[in-house]
Amino acid sequence: MHDITIYTSNTCVFCKAAKQYFKENNIEYKERNIDEDKEAVNYLIEKGYRGVPVINIDGEDIVGFDKKVIEEKLK
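Just so we're clear, the structure is a prediction, and the values are computed from it rather than from any experiment.

A. Inspection of the overall build of the chain at higher detail. Tallying secondary structure elements over the chain gives three helices and four strands in all. Taken from the N to the C terminus, the helices and strands of the chain come in the order β-α-β-α-β-β-α. Dimensions of the chain along its principal axes, counting C-alpha atoms only, are 30 × 20 × 20 Å. The 75 residues of the chain split such that 35% are buried. Pairs at least 24 apart in sequence give 57% of the contacts found in the chain among residues at least 6 apart. On the chain, roughly 5,000 Å² of surface is accessible, and the fraction owed to carbon and sulfur atoms is 46%. Of note, the chain has its 12 positive side-chain charges centred 4 Å away from the centre of its 15 negative side-chain charges.

Take a look at the structure:
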């Protein structure tokens, strides 16, 4: 079982695609929405990220929705 957190926003189409991908593949994740969660915003700023989605898998961040990279991390 992987520890997965997706940093999202309400208007991000790639965030929606990422969440749909995880749901379709029955992969559990936590969501941190930057429109509603100031701590999530601070985390991304501290890391130097300027956009979402940021997908954290087992402590490693993936910037953007890249299925190939995600699938590699989930092996």
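B. A look at the pattern of salt bridges. Taken as a whole, this structure holds seven salt bridges when the rule is applied. For the salt bridge of lysine 30 with aspartate 3, the shortest nitrogen-to-oxygen distance reads 2.6 Å. Placement of lysine 30 in strand E2 (residues 30-33) and of aspartate 3 in the segment before strand E1 (4-8) is noted, with a sequence separation of 27 residues between them. For aspartate 3, a relative accessible area of 39% corresponds to the partly exposed category. The network of salt bridges with shared partners includes Arg32, Asp37 and Glu39.

Definitions and limits used
- Residues numbered from 1 in each chain as written.
- Predicted model: local features only at pLDDT ≥ 70, side-chain atom pairs only at ≥ 80, totals over all residues.
- Heavy atoms only, no water.
- Helix = DSSP H or I, 4+ residues; strand = E, 2+ residues; numbered from the N terminus.
- Buried < 20%, exposed > 50% of the residue type's maximum accessible area, 1.4 Å probe, protein only.
- Contact = heavy atoms within 4.5 Å.
- Areas by Shrake-Rupley, 256 points an atom, 1.4 Å probe, with all protein chains shown as cover.
- Lys, Arg positive; Asp, Glu negative; His and termini not counted.
- Charge placed at Lys NZ, Arg CZ, Asp CG, Glu CD.
- Salt bridge = Lys/Arg side-chain N within 4 Å of Asp/Glu carboxyl O.

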